[in-house]
Amino acid sequence: MRASVRRTAARSAVAASLLLLLLGVGARPASAMDQVTGAQDVVAAFSDDDDWIGGGERHVWRASDTRIDSGASDGQVAVSVTANGRSFDQMSFVLAAPVGRPLTTGVYAGAERPGFGRSDRPALEITSTGRGCNRIGGSFEIRDIARDAEGRLTRLWAIYEQLCDSGTAALWGEIRIGMPPTQDGTVVVPSIVRWPAADRGTVRADVPVTVLAGDAPLDVDRLAVTGDDPSDVRTVSDRCSGTLVRAGGRCEVWMTFDPARPGLRQARLDVLDAGGGRHGAQLQGWSFGGTTRMRLDGEPGEWLTQGGSTDVSPADLGFVVDGRADEALVARLVKTRRSRFLLLFVPPTGEELTVGTTYVGTQRGADGSGGPRMAVDVGSRVCSDQTGSFTIEHARRLPDGSPRSAAVRFEQRCDAGAPLARGTLQWRVGDNATPAPWMSASDAVTPVPAPASPYVDADPEPEPPVDPGPGPTAPAAPPADAGTGVLAPATLAPAPGGPTDAGTTPPVAPPGAPTAGATAASVGPATVRFLGVRSRGRTLRFVVRTRSAGRFRLAPTLVLRGPAGRARSVPLGARTVPTTAAGVRTIDVRLPAAVVRRLSRERRARLVVRGLWRPASGRVERTTARLIVRVR
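The following paragraphs examine the structure supplied in this document. Predicted model only: the values in this text are computed from it and were never measured.

Rules used in this analysis
Residues numbered from 1 in each chain as written. Predicted model: local features only at pLDDT ≥ 70, side-chain atom pairs only at ≥ 80, totals over all residues. Heavy atoms only, no water. Helix = DSSP H or I, 4+ residues; strand = E, 2+ residues; numbered from the N terminus. Buried < 20%, exposed > 50% of the residue type's maximum accessible area, 1.4 Å probe, protein only. Areas by Shrake-Rupley, 256 points an atom, 1.4 Å probe, with all protein chains shown as cover. Pairing = 2+ DSSP bridges. Axes fitted to C-alpha atoms, helices over the stretch in contact; angles between N-to-C directions. Core = buried A, V, L, I, M, F, W, Y, C linked by side-chain atoms within 4.5 Å. Contact = heavy atoms within 4.5 Å. Disulfide = S-S within 2.5 Å. Polar contact = N/O pair within 3.5 Å; in protein donor to acceptor, adjacent residues only side chain to side chain. Salt bridge = Lys/Arg side-chain N within 4 Å of Asp/Glu carboxyl O.

Thoughts on the overall build of the chain
Move 1: In terms of regular secondary structure, the chain is built from 2 helices and 40 strands.
Move 2: Expressed as a percentage of the 632 residues in the chain, the buried residues total 54%.
Move 3: As displayed, the chain has an accessible area near 26100 Å², and 49% of this comes from carbon and sulfur atoms.

Examining the sheet that holds strand β19 (residues 250-257)
Move 1: Spatially, β12-β15-β19-β17 is the arrangement adopted by the 4 strands of the open sheet, whose pairing is antiparallel. Both outer strands of the open sheet, β12 (187-189) and β17 (233-238), are each paired with one neighbouring strand and no more. Along the sheet, successive strands turn relative to each other by an average axial angle of 25 degrees, direction set aside.
Move 2: Here β12 pairs with strand β15 (residues 207-212) via 3 bridges, running antiparallel. When the sheet's bridge partners are listed, valine 187 is paired in β15 with leucine 212.

Thoughts on the nonpolar core
Move 1: Membership of the largest hydrophobic core comes to 36 residues, with the highest contact counts inside it found for Val79, Phe93, Phe140, Ile142 and Leu156.
Move 2: If one sorts the elements of this core by residue count, strand β10 (residues 153-164) sits on top with 5 residues.
Move 3: Residues within four places of leucine 156 in sequence aside, it is in contact with Val77, Val79, Ile142, Asp144, Ile145, Ile175, Arg176, Ile177 and Met179.
Move 4: Membership of the second largest hydrophobic core comes to 32 residues, among which are Val42, Val188, Val189 and Leu283.

A look at the state of the cysteines
Move 1: Inspection of every chain in the model, using the stated rule, returns 3 disulfides.
Move 2: The residue that forms a disulfide with cysteine 133 is cysteine 164, at a sulfur-sulfur distance of 2.1 Å. Around the S-S axis, the bridge from cysteine 133 to cysteine 164 shows a dihedral of about -125 degrees and counts as left-handed. Here the residue cysteine 133 occupies a position in the loop between β8 (123-128) and β9 (136-147), and cysteine 164 occupies one in strand β10, the gap between them amounting to 31 residues. For the pair cysteine 133 and cysteine 164, one class covers both residues: buried.
Move 3: Disulfide partner of cysteine 240: cysteine 251, at an S-S distance of 2.1 Å. The sign of the 110 degrees torsion about the S-S bond sets the cysteine 240-cysteine 251 disulfide as right-handed. You can see cysteine 240 sitting in the loop between β17 and β18 (244-245) and its partner cysteine 251 sitting in strand β19, a full 11 residues away along the chain.

Brief notes about the pairing of β8
Move 1: By the criterion of burial, β8 is predominantly enclosed, with 5 of the 6 residues buried.
Move 2: As defined by bridge partners, strand β6 (residues 90-96) adjoins β8 across 6 bridges and the pair is classed as antiparallel. Within the sheet, the bridge partner assigned to alanine 96 lies in β8 and is alanine 123.

Remarks on the side chain of threonine 210
Move 1: Residue placement: threonine 210 occurs in strand β15.
Move 2: Engagement of the side chain of threonine 210 in a polar contact is seen with the backbone oxygen of proline 208, the distance being 3.4 Å.
Move 3: Residue contacts for threonine 210: discarding those within four places in its chain leaves Val60, Val187, Val188, Val189, Arg250, Cys251 and Glu252.

Things to note about the pattern of salt bridges
Move 1: Scanning the model with the defined rule gives 28 salt bridges in all.
Move 2: Here aspartate 65 ties to arginine 62 by a salt bridge, and the two come within 3.8 Å at their closest N and O atoms.
Move 3: A relative accessible area of 39% places aspartate 65 in the partly exposed class.
Move 4: Exposure remark for arginine 62: the relative accessible area of 4% places this residue in the buried category.
Move 5: A salt bridge links glutamate 174 to arginine 176; its shortest N-O distance comes to 3.0 Å. Across the pair, arginine 176 and glutamate 174 agree in class, each one buried.

Some points on the side chain of aspartate 377
Move 1: Tracing the chain through its elements places aspartate 377 in strand β28 (residues 373-378).
Move 2: A relative accessible area of 0% means that aspartate 377 is categorised as buried.
Move 3: For aspartate 377, the side chain forms a polar contact with the side chain of arginine 364, separated by 2.8 Å.

A word on the sheet that holds β8
Move 1: Strands sit in the order β1-β4-β5-β6-β8 across an open sheet of 5 strands; the sheet is antiparallel. Unpaired on one side and paired on the other, β1 (34-36) and β8 mark the two borders of the sheet. Within the sheet, the average angular offset between the axes of one strand and its neighbour, ignoring direction, is 20 degrees.

Concerning unusual backbone geometry
Move 1: Going from valine 189 to proline 190, the amide bond is cis rather than trans, its omega being -5 degrees.
Move 2: With respect to the element layout, proline 190 can be found in the loop between β12 and β13 (192-194).
Move 3: You will see that glutamine 306, though not glycine, has its phi angle at about 55 degrees, which is positive.
Move 4: Considering the arrangement of structural elements, one finds glutamine 306 in the loop between β22 (291-298) and β23 (309-312).
Move 5: In this structure, arginine 428 is a non-glycine residue whose phi angle is positive, near 55 degrees.
Move 6: Relative accessible area serves as the criterion here: at 11%, arginine 428 is assigned to the buried category.

Overview of the environment of arginine 626
Move 1: Assignment of secondary structure puts arginine 626 in strand β40 (residues 621-630).
Move 2: Accessibility expressed as a relative area gives 17% for arginine 626, which makes it buried.
Move 3: Between the alpha carbons of arginine 626 and valine 609 there is a distance of 6.2 Å; along the sequence they are 17 residues apart.

In structure tokens, the structure reads:
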């Protein structure tokens with residue numbers, strides 16, 4: 001743990017006491033968040049390398065040497081750990097049944113962020129110090145749970161998995177509190193190692209299966225990996241065999257999952273001690289099958305590919321494919337929380353994507369004609385005025401309409417007469433793997449569908465290919481000092497004559513027009529204002545003020561000069577913030593280093609800001625505002 005253990009533990013106790021109160025868990029007072037102290041009360045949290053909340057760290061915490069608090073109501077449980085992570089001081093967990101239902105044993109699939117998802121879905125949220133997610137997907141399994149007569153949590157065994165902001169990196173692990181002790185006090189954590197589902201060929205995380213000795217020393221003899229599929233798990237590092245673990249101490253066996261075939265694969269790790277004892281953990285994993293790859297080829301001089309070729313598989317990047325019903329298909333190929341490739345395919349207005357159909361004359365954005373739309377972005381290279389075509393060669397969907405597998409062939413020109421880029425996307429084509437038992441809601445829980453697309457809902461534009469940012473934004477702060485940044489402060493100036501109406505586009509501010517002091521752009525009951533810059537000119541700051549509850553989505557784009565003077569749009573990333581009545585939120589958008597350098601050379605650029613207001617009830621409204629940004 002960090003320096004000043006007592007101060008950290010005290011701070012954790014206060015935060016843990018407030019956790020249930022803030023989340024509205026039960027009717028007991030805040031003090032109902034109880035500290036657990038058993039030597040076999042443990043929490044395992046394994047963060048994949050690109051996971052934002054855990055920072056890629058893998059931990060096993062025990063209540064005898066780490067502060068762990070827990071509490072519960074009929075519908076949910078909360079656990080708080082005063083953690084000794086390099087990236088955080090505390091990690092908090094909330095697991096909840098659908099609204100109005102008790103939390104019992106069973107599988108809870110399709111979980112969403114508490115208070116921001118549908119009421120008929122379970123809720124899951126894991127946060128760490130200063131880190132949270134805007135959108136959450138995931139699932140958890142309650143294998144055992146019990147409360148006393150006063151409603152206090154007395155026993156909990158849960159396995160969980162969280163995906164943050166539609167990424168592929170997971171935060172996953174196990175919670176065991178109040179479970180019956182083993183005969184000699186030895187505990188293996190996790191007792192179930194369940195690697196998150198991924199495409200076959202994806203590199204899985206190495207994780208520490210930790211052996212915790214009881215009140216007596218443990219003389220470890222050797223390891224044994226048995227079960228149905230022992231060849232699909234691999235021991236990366238054995239720090240237990242031949243070791244005498246002191247009383248209350250620990251040793252680790254680092255394992256990874258490398259399946260030869262798709263579907264469910266299972267094995268068991270046994271730790272054998274010199275006295276004949278056997279202490280084990282179940283090893284589980286599941287992989288999608290079929291073919292997943294993306295190939296992109298460009299003619300000499302083509303902007304996106306730089307005239308080269310790219311062939312990508314799940315071993316290189318994570319494939320995130322979304323879509324709602326047959327209205328669109330969105331694919332993001334991601335690494336380190338950034339989209340390296342973005343592909344969007346949308347049929348003409350009122351039509352559906354149909355296998356065997358070729359859609360020609362595509363445009364990037366909606367131009368009022370109702371024609372098909374397509375976007376192919378490579379990192380920060382984006383075509384503002386493109387045309388092309390795409391063919392849906394294969395498509396299968398799950399019962400809720402989300403994609404199961406797809407194949408698309410496409411071609412695109414950034415401008416009329418520009419060199420051509422051709423490509424193919426194959427995603428799980430031929431996958432027939434039977435889902436694992438923990439991938440579907442059990443009979444004990446109201447069945448829920450997989451999460452719908454976070455993109456193709458009210459706003460058909462794709463998420464731009466940038467880092468999704470650090471979760472929930474902080475409360476509003478004063479504007480940054482314009483004198484310390486690269487960009488001059490400005491407001492989002494609406495069209496002359498009044499605030500911008502939803503769905504309209506104000507004119508571009510003419511060169512030399514003032515960019516400060518104008519009325520902020522409005523959409524519904526929300527007002528957004530550009531405050532200026534911070535972090536030495538590398539971050540744009542906006543503030544959103546609302547008069548009712550809902551969510552506001554901000555998507556700024558800089559328009560820079562490209563080759564031969566052609567305009568190049570550089571999306572800066574979409575941010576979605578929840579709001580309450582009379583709420584004020586700041587939104588910080590970080591500029592890529594390459595954009596900062598370009599601005600320093602070009603001295604000015606257009607900033608296009610699109611806003612979408614999604615009220616708690618009522619219709620969705622949009623606005624677009626444009627202004628000129630000048631370099632000081």
